[in-house]
Amino acid sequence: METGWEWDETLFSGTAAFYRRGRLPYAPGLEDLLAWVLDLDGRGRLLDLGCGPGTVALRLAGLFDEVVGVDPDPGMLAEAARGAAEPEVADKLRWVRARAEELPAGLGDFTVVTLAQSFHWMDRERVAATVRGMLRPGGALVHISDLKGETRAVDGLPYPPVPRAAIDGLVRGCLGPVRRAGRGLLPRGTPSGEDAVLAGAGFAGPYRHVVPGGQAMVRTWDDVVAEVFSMSFSAPHLFGDRLAAFEADLRRLLRDASPSGRFSERQPGTEVFVWPRGAD
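Along each chain, numbering runs from 1 in the same order as the chain's sequence is written. Local features in this predicted model are restricted to residues of pLDDT 70 or higher, and side-chain atom pairs are both shown and tallied only at a pLDDT of 80 or more, whereas totals for entire chains, interfaces and linings draw on every residue. The side-chain quantities take in all heavy atoms of the structure and omit both hydrogens and water.

A closer look at the overall build of the chain
The condition is simple: Runs of H or I in DSSP of at least four residues are treated as helices and runs of E of at least two as strands, each being numbered from the N terminus. To get the radius of gyration, use the C-alpha atoms; to get the globule rule, take the number of residues to the power 0.38 and multiply by 2.2 Å. Burial classes follow relative accessibility: with a 1.4 Å probe on protein chains only, a residue under 20% of its type's maximum area counts as buried, one over 50% as exposed, and anything between as partly exposed. Whether two residues are in contact is decided by their heavy atoms: any pair within 4.5 Å suffices. We treat Lys and Arg as the positive residues and Asp and Glu as the negative residues; His and chain ends play no part in the count. To locate a charge, the coordinates of NZ of Lys, CZ of Arg, CG of Asp or CD of Glu are taken.
The helix and strand tally for the chain stands at 10 helices and 11 strands. Taken against the 2.2 N^0.38 rule, which gives 19 Å for 280 residues, the C-alpha radius of gyration of the chain at 19 Å falls within 12% of a compact globule. The dimensions of the chain, computed from C-alpha atoms along their principal axes, are 55 × 45 × 35 Å. For the chain, buried positions account for 48% of its 280 residues. Counted over contacts in the chain with a minimum sequence separation of 6, partners at least 24 positions apart contribute 83%. When the 32 positive and 38 negative side-chain charges of the chain are each reduced to one mean point, those points stand 3 Å apart.

A word on the packing of helix H7 (residues 164-175) against helix H10 (residues 243-257)
Note the threshold: Working convention: axes come from line fits to C-alpha atoms, limited for helices to the stretch in contact. Angles between N-to-C directions cover 0 to 180 degrees. Comment on the angle field: the value is read as roughly parallel under 35 degrees, roughly antiparallel over 145, roughly perpendicular from 65 to 115, and oblique elsewhere. For any pair of crossing helices, the crossing counts as left-handed if the nearer helix is rotated counterclockwise from the farther one by less than a right angle, and right-handed if it is rotated clockwise. Ten residue types, Ala, Val, Leu, Ile, Met, Phe, Trp, Tyr, Cys and Pro, are classed as nonpolar, four, Asp, Glu, Lys and Arg, as charged, and the remainder, Gly among them, as polar.
The N-to-C vectors of H7 and H10 enclose an angle of 160°; their axes lie 11 Å apart at closest approach. As far as their axial angle goes, H10 and H7 are roughly antiparallel. Taken as a pair, H7 and H10 cross one another with a handedness that is right-handed. Taken together, the residues of H10 that come into contact with H7 (itself represented by Ala166, Ile167, Leu170, Val171 and Cys174) are Phe246, Asp249, Leu250, Leu253 and Leu254. Considering only residue class, the contact of H7 with H10 consists of 9 nonpolar, no polar and 1 charged.

Side note on H10
Let me state the cut-off plainly: A helix is expected to span 1.5 Å multiplied by its residue count minus one. Within this analysis, the arc is defined by the directions that extend from the helix axis to the C-beta atoms.
Helix length check: H10 (15 residues) gives 21 Å between terminal C-alpha atoms against 21 Å at 1.5 Å per residue, within 8%. Residues of H10 that are buried include every one of Phe246, Leu250, Leu253 and Leu254, and no others. Seen along its axis, H10 keeps its buried residues to an arc of 95°; they face one direction. Among the exposed residues of H10, those oriented more than 90 degrees off its buried face are Ala244 and Asp256.

Quick look at the packing of aromatic side chains
Stated precisely, the cut-off is as follows: Side-chain rings of Phe, Tyr and Trp (the six-membered ring for Trp) are treated as a pair once their centres are within 6.5 Å; stacked means planes under 30 degrees apart, edge-to-face means over 60, and tilted covers the remaining angles. A ring is considered to have a charge above it if a Lys NZ or an Arg CZ atom is located within 6 Å of its centre and within 35 degrees of its normal.
Tallied over the full model, the rule gives 6 aromatic pairs. An aromatic cluster of three or more residues is present, and its members are Phe18, Phe229, Phe239 and Phe246. When the ring centre of Phe110 is taken as origin, the NZ or CZ atom of Arg45, which lies over that ring, is 4.2 Å away.

Here's the deal with the sheet that holds strand S3 (residues 93-97)
Formally: Here, a strand pair is defined by DSSP locating no fewer than two bridges between the strands.
Strands sit in the order S3-S2-S1-S4-S5-S11-S8 across an open sheet of 7 strands; the sheet is mixed. The open sheet terminates on both sides in strands that have one partner only, identified here as S3 and strand S8 (207-211). Strand-to-strand twist of the sheet, defined as the mean angle between neighbouring strand axes without regard to direction, takes the value 20°. One ladder, built from 5 bridges, connects S8 with strand S11 (residues 270-276); its direction is antiparallel.

What to know about the environment of Phe12
Residue placement: Phe12 occurs in the segment before helix H1 (16-22). Ignoring any residue separated from it by four or fewer positions in sequence, one finds Phe12 in contact with Arg23, Asp73, Met76, Trp121, Ser230 and Ser232.

Here we look at helix H2 (residues 30-37)
When we look at burial in H2, the residues that qualify are Leu30, Leu33 and Leu34. One face of H2 carries all of its buried residues, which in axial projection span an arc of 95°. Exposed and facing more than 90 degrees away from the buried side of H2 are Asp32 and Trp36. Looking at the buried side of H2, the elements it contacts are helix H3 (55-60), strand S5 (135-146), S8 and S11.

Here is the structure:
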């Protein structure tokens, strides 16, 4: 992580209520891909690190006997528990408040460990080594993210695109040009280089798979506001006493961009990297 930046408990403070509505979902077919690639048959155990409001854990619950979601934010875990409303799913889910750096925390061993756009917030070398030790022989770590670099044009769709460049300008105008993250700043963004970290920890691979997106979606003003407030760099607490004014400006921007209150969007593709545990 950025030199001088330290994780703190405010990183996603106040974002949980917006996360499920605001974030674009992973592509349809993610479950089928993982079931096929990892030969999942409803047995085994899944550990979802940085689980947030259960975005991945809830979707994959049917592929395992037991699913453990770990996250340090209590608001995220409360949202995850609310999302597990169906008894047949709730019975196999467990939510644990902890940082990934506090593992193994007596959680046992696992068939699969997932990291869905959360690894960059962690002490990656430490977590990678610990996770490998928690995987059963033949197990795998799976890194899941939106497909980077794809173009998702909305030509031919009924509503205007979400004005993300203008929204970014509005956020920067209020919070400053340097990316915020909890109580700190990330002038160079979050780190890359996951491949080197995981290979160094003894994982094999990676094996890359893409779940295609592209499906047409409709987003409302409220959906877009929720997306903005679900992000670490524009979490509600960062605005302090300017929050109401910022939201009013944001809604005015969205109203000007689409007076109908609707935007067109295309479902992003999902990129999956599978890292087998590797031989000792």
